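Residues per chain, in single letters:
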Amino acid sequence: IRLISLSAFFFGLFRWTRFVLPHKLTRVQTAAIFVFAIPLAFNSLIDIQTSGLAVGLLMLGAADIADDHPSRGLAWIVLSAFIKAYPIAFLLVLVLALPRILGVRALILVALAILFPFLLQNPHYVADQYLDWFRYGLNARNGSAGGQLLDIRILLRNFDIDLGSSGYLVVELVTGALIAAAAAIARAQRVDRKSLLTLIFGLTTCWMTVFGPATESQTYIFIAPIAAWTFLAACLGLIPSPMRILL
């Protein structure tokens, strides 16, 4: 699994830098992206987890959509979402931003992905697995294991603020809605597709880590690509001076 995750992550990163980023990079700049991404990706890539594979597929999907292959791109993203739940956020915002291009395709691919396991296993077993995922996978860690998770709550506890599971769910939904609104505004302003995809990728992967349901140290691989690009863009002077100071 390590080799598969490594291959998917770095191949996805290569495709993402080539087709998604709004600024054409030289070979040296592309190599810099890879170097800058390693610190946040390292912990996940050396662990026996599928986060590297999931974010690699996510980048492949974004790259294919940017390269005018929406069906194939969505297939990668849906597969990523069925490996790790986090990419659902990227899929939802992407479909909301590009409904005519992606809407029907996304519905068909998600339906096929849901139904496919029923062909490989006893239907009752598959149904029970889905029910357990909704019952426990999405909710249990949100509250009971909250002290071990590395999301916004770990910062809020320094100020003696305890949101509780219900309060945190509200924060997740509100921030998710704000990200969807930002994508809709960008779309309404007719930004080019590469810039839109970069924006959505950056905002949703940040949401996955800061406001996600189960953020661990390995989860931060999801922001490695956009963090690397942001740092490089600051070095190249593509980000205004006030923002560079914050970075």
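Everything in this summary refers to the structure shown in the same document.

Rules and cut-offs
Residues numbered from 1 in each chain as written. Predicted model: local features only at pLDDT ≥ 70, side-chain atom pairs only at ≥ 80, totals over all residues. Heavy atoms only, no water. Core = buried A, V, L, I, M, F, W, Y, C linked by side-chain atoms within 4.5 Å. Buried < 20%, exposed > 50% of the residue type's maximum accessible area, 1.4 Å probe, protein only. Helix = DSSP H or I, 4+ residues; strand = E, 2+ residues; numbered from the N terminus. Contact = heavy atoms within 4.5 Å. Axes fitted to C-alpha atoms, helices over the stretch in contact; angles between N-to-C directions. Nonpolar A, V, L, I, M, F, W, Y, C, P; charged D, E, K, R; others polar. Salt bridge = Lys/Arg side-chain N within 4 Å of Asp/Glu carboxyl O.

1. Things to note about the nonpolar core
Counting 60 residues, the largest nonpolar core has F9, W16, F90 and W229 as its most contacted members. The element best represented in this core is helix 3 (residues 51-66), accounting for eight residues. If sequence neighbours within four positions are ignored, F90 has contacts with L58, A62, I77, I200, F201, T204 and M208.

2. Structural notes on the packing of helix 4 (residues 70-83) against helix 5 (residues 88-97)
Between two packed helices, what matters for the description is the angle formed by their axes and the separation of those axes. It is at 8 Å that the axes of helix 4 and helix 5 come closest, and there the two elements cross at 145°. Seen from helix 4, the contacting residues are L74, I77, V78 and A81; seen from helix 5, they are I88, F90, L91 and L94. Residue classes in the contact of helix 4 with helix 5 are distributed as eight nonpolar, no polar and no charged.

3. So, the pattern of salt bridges
Applying the stated rule across the entire model yields four salt bridges. For D64, the salt bridge identified is with R15, shortest N-O distance 2.6 Å. Taken together, the residues span a long stretch of sequence, with D64 in helix 3 and R15 in helix 1 (residues 2-19) at a distance of 49 residues. Here D64 and R15 have matching classes, each one buried. Among the ionic pairs, R193 bridges to D68, the shortest N-O distance being 3.1 Å. With R193 in helix 11 (residues 193-210) and D68 in the loop between helix 3 and helix 4, the pair connects residues that are 125 residues apart, well separated along the chain. Judged by relative accessible area, D68 falls into the exposed class, the value being 54%. Three or more residues joined by partner-sharing salt bridges are found here, namely R15, D64 and R72.

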